[in-house]
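Observations on chain architecture
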Amino acid sequence: MRWRPAAGTLVLVALLAAAAAGLARSAAGPGQDDPVRSVTADLRCPACQGESVADSRSPMAAAMRQAVADQVAQGRSRDEVRRWFVQRYGPDVLADPPARGVELLLWAVPALTLLAVGYAARRTLRPRPRRTADRAAAPPAVGPAPGGAARWAWRWSALGLITVVVSVAVAARGLDRPGPDPTPADPVTVAVGLARDLEAQDRYDAAAQMYREALRDRPDDTIRLRLAFALLRAGDAAGAGQAAQEVLSHTPDSPDGLLVLGLAQRRTRPAEAPRTLRRFLTIAPEHPAAPEITRLLTSHP
Amino acid sequence: MLGELGTSSLTVGLLCATLTALLWLRVALFGTPTRPARLATAATLTTAAVACGVLEAALLRHDFSVRYVAENGGRQVPLYYTVTSLWSALDGSLLLWLLVLGGYAVLLAGRRYPARLQAYAMVVVSAVTVFFFALSCFAANPFRAVDPVPADGPGPNPLLQQHPAMGVHPPLLYAGYIGLVVPFAFALAAPLAGREGRGWLRVARPWTLVAWAALTAGIGLGAWWSYAVLGWGGYWAWDPVENASLLPWLTTTAFLHTALGPGARRAGWNLVLACASFVLVLLGTFLTRSGAVASVHAFTDSPLGPMLLGFVLLAVVASTILTGWRPPEPAGRTASPVLLSRSTAVLVNGVLLVTIAAVVLIGTIFPLLSGPLGGVRTSVGPDYYHRTAVPLAIVVLLAMGVTPALRGHDRTRALRRLAVPGAVALATVAVVGLLSRPGLPALTAFGTAAFVLTGLAGELPDRFRRSGRGRLAGLVAHAGIALVAVGVAGSSAYGRDAERTVRTGETLRVADVSIRLVGVDRRGDSGGMTVRARLRLSESGEAERTVTPVLRYHPARDTVVTLPAIDTGLLRDTYVTLIAVSPDDGSATLRLAVNPLVGLLWAGGALTAAGGLGSAIATARPRRVGTPRDRARPASGAVRAGAAG
């Protein structure tokens, strides 16, 4: 039966070689790495709690995914895209920021645990004949506690139990429901920032969507004006006019509100546009857009 | 009226629980009769049941004068979710917690164990009950009156109204969590009970197995719920709440193994692991209920944080003092252990499981530490766990496959037993790696799982011959874990997805699956606004089907919930989510994912839980006296009298 070990070895070598080939091919293969996902998985979705941009379903996360995809398509590296986001929205936007020093904890604690528990395991496995003999010879552990000690134990335990209850009762008085956690990355700020970036890329539809998102959380006229501008540029004159009207209902003399309204009316209600624009010129003659509007009014009165 | 009844039931419960603890302490210290203590235990359970019943009645009758109902009830909520809203927020779920705790206490009090061991264990359980009753009474009383009484409530969090698993998942998880109080109680009672405490491991084991099985099922159901409701296409996000359930699971798994066979010698290990498991339960409750860490799952934010943290510290101090005070039992045999033996392998597995627990723990509490230590207060992404916990888990799996083969002292036989599984594993790696290139971690997981499964199949005839259903159950649980590993590796390696905005008539395609948008339906009703996307799904080789993912807006809580359409197949799921719809034209943003092998996750989880339960049943039954196996076990005789009850 000499051939059996030899055949066994042969099979083993063949299997090892095949498995090594499989591992090598699998490791060297194209892999599943989707560059967009690998970046978005490390970005925190500002609109939701504890979810990454890759996993969140919020519209803001969708817009951020799009922003990442655009940059990756332009050939930027993972680190460049991350830097771009950090520059704009602060380090809080990273779900896994390089918190140097403290980050060491993430590796040191498991490593120390492994060492400590491993050491304990080694000690457990080492035979300890002497100590065991001692213990076996030692008198058996105590029976029922003697009377006096038991009474003391009873009193102290009862006291301890009452202390627990009283401390909960006392602590409960001083407690209020916590207010909302101050979120590090303010969703509104991020949404507005994202919208500006979208505007810079001439994607006014998407920008308007982000402004709406921001408005839902913070009904602020500055944001509403930006929304109106974005809508105007996106070609939605009616929507822009409506947003401007809302601003004007709060501050009737808002120059920007009048400007957008006037421009929107040129498409929706051309008859009223000149009046609104003239009012704009009266209120804000120094406005950067004033010369342009003056030219408009003189060429098409 | 109901509110006052509820508050008084909680107050009476607090008194009963305190009385129970003191009566059991009297039994332990002075050896008095146990009847009054048992009666008080039953009374405590009754008050918890009354409190739960009253709150449930208030929910069903829409009695909005009760604070909890005003905050979590609603007239529009379907009956089923009205019933389950008892545990949809902190204050109500605390009542469920008390009910389960009371149930465990009554069961534990009803069994016959060595008297002092049982009495001290009951003291521990009752003390925990006192604390939670005190919390419920003073800090989180759901029955406080509301003035003025609102006409309607917002209903529970919309995410908790989407899936029938809501009725099963939290109670199961609670049964698992709270069940771990029993091994904790025995571990603390053992040193106190002196000689009578020696058999605590054997006594605690069935309880731990039941709790572990419930916890396993709870975690599995939670993953399924997350997959079927949250709509992001995954099942595990390393979210703090998920981690909180995983932590005690890991240490309990280690405990169950170190407590096996000759493990009685590792008394220190068992004590520490049993205590750690329950402390981790408390810590997890603190982390997820105090708003300390941000999480998708943090459905409730409460002011209980400091009190829970105080109790965690108290538990740590108590268990350190008691377990360090006196060795609970003298060490057994001292024969030099073989390095390549089963008991070594089990210990190595324990070390690895504890290390994984440390990884998960530090990753979860990192946001709490990084701020004060000068970093940015931030959570740890899944990437960290993939780099740390996943490789460790693969080694655990490998050790799980090696361990059964190491029985006996004959190393050549052990190696021979490992030959076939090893060959199958290598062949799997070769074939899968060459054909499909799943990437290194997944490929390693496949190979290891093949190794484990083949090894288990080889064990099967042997275990049948040696009877012992408990052993067979262990086999089933291990097979379940291996299947879960295959499911996780497969779904992460071969999963594909795409996300795009499509107009009506356009198609989104992933691999050989495509969906065509037929139309978008909107329907508004009193409970909110529902948008459905009608899609035609076509897969190669199958007939076209219609799927309708849903987007639901709940005005009461101003949230949008996505309900994915999941088409479950034998080998893969197609998973369609409606992310957004455009208000004017008929376009919709869709996400299509093809998730292979996810079915194995649910099947594996169910097998694991079933294995745990089977093992619990087998261990709880009295052993036949005098079988050779029993005689071979040292120090089991003293225990049997207690365990047989």
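Residues numbered from 1 in each chain as written. Chains lettered and ligands numbered in written order. Predicted model: local features only at pLDDT ≥ 70, side-chain atom pairs only at ≥ 80, totals over all residues. Heavy atoms only, no water.

**Considerations on the overall build of chain A**
For the record, the criterion: Helix numbering and strand numbering both begin at the N terminus, where a helix is a DSSP run of H or I of at least 4 residues and a strand a DSSP run of E of at least 2. The rule is simple: take the accessible area with a 1.4 Å probe, protein chains only, and divide by the maximum for that residue type; under 20% is buried, over 50% is exposed, in between is partly exposed. Only the protein chains shown count as cover for residues, and the accessible areas themselves come from Shrake-Rupley with a 1.4 Å probe.
Counting its regular elements, chain A contains 14 helices and zero strands. Ordered by position from the N terminus, the helices and strands of chain A form the series α-α-α-α-α-α-α-α-α-α-α-α-α-α. Among the 301 residues that make up chain A, the fraction classed as buried is 39%. With the model as given, the accessible surface of chain A reaches about 17100 Å², and the carbon-plus-sulfur share is 59%.

**Digging into the sheet that holds strand β10 (residues 588-596) of chain B**
Residues and elements named next belong to chain B. The cut-off we apply is this: When DSSP finds at least two bridges between two strands, those strands are taken to pair. Interaxial angles span 0 to 180 degrees and are taken between N-to-C directions of axes, which are lines fitted to C-alpha atoms, for helices over the stretch in contact.
The strand order across the open sheet built from four strands is β1-β10-β9-β8, with neighbouring strands paired in antiparallel fashion. Unpaired on one side and paired on the other, β1 (496-502) and β8 (565-568) mark the two borders of the sheet. Averaged over all neighbouring strand pairs, the angle between strand axes comes to 15°, with direction disregarded. Judged from the seven bridges that link them, β1 and β10 form a sheet pairing that is antiparallel. Within β10, the position partnered with A498 by the bridge is L592.

**Side note on the environment of I617 of chain B**
All names here are of chain B. With respect to the helices, strands and loops of the structure, I617 is situated in helix α18 (residues 598-620). When its relative accessible area of 53% is taken as the criterion, I617 is described as exposed. The sequence separation of I617 and V229 amounts to 388 residues, and the corresponding C-alpha distance is 34 Å.

**A short note on the pattern of salt bridges**
Residue and element names in this part refer to chain B. Our working rule: A pairing counts as a salt bridge when a side-chain nitrogen of Lys or Arg comes within 4 Å of a carboxyl oxygen of Asp or Glu.
Enumeration according to the criterion identifies 17 salt bridges over all chains in this entry. One salt bridge in this structure joins R536 and E544, with 3.1 Å as the shortest N-O distance. Given the relative accessible area of 38%, E544 is considered partly exposed. The residue R572 makes a salt bridge to E539 at a minimum N-O spacing of 2.8 Å. Residue R572 is located in strand β9 (residues 572-581), and its partner E539 is located in strand β4 (residues 528-539); the two are separated by 33 residues in the primary sequence. In this structure E539 comes out as buried when scored by relative accessible area, which is 11%. Each of D512, E539, R545, D567 and R572 takes part in one network of salt bridges that share partners.

**So, the domain arrangement of chain B**
Keep this limit in mind: Residue ranges assigned to each domain were obtained from an automatic or database domain assignment.
Per the domain assignment, the segments of chain B are domain 1 (1-156), domain 2 (161-326), domain 3 (404-465) and domain 4 (497-597). For domain 1 of chain B versus domain 4 of chain B, the distance between C-alpha centres works out to 43 Å.

**Things to note about the UniProt feature "transmembrane region" (unreviewed entry) in chain A**
What counts is decided by this rule: UniProt positions are given in the numbering used here, feature names are shortened, and annotations may be inferred rather than shown by experiment.
UniProt records the feature "transmembrane region" (unreviewed entry) at residues 104-121 of chain A, using the numbering of this structure. When the span residues 104-121 of chain A is considered, its composition is 100% helix and 0% strand, and the gap between its end C-alpha atoms is 25 Å.

**So, the pairing of strand β3 (residues 513-525) of chain B**
All names here are of chain B. By the bridge criterion, four bridges tie strand β2 (residues 507-510) to β3 in an arrangement that is antiparallel. Note that in β3 the partner of V510 across the bridge is V513. For β3 and β4, the ladder comprises twelve bridges, and the chain directions are antiparallel. Residue pairing across strands places R522 opposite V531, the latter belonging to β4.

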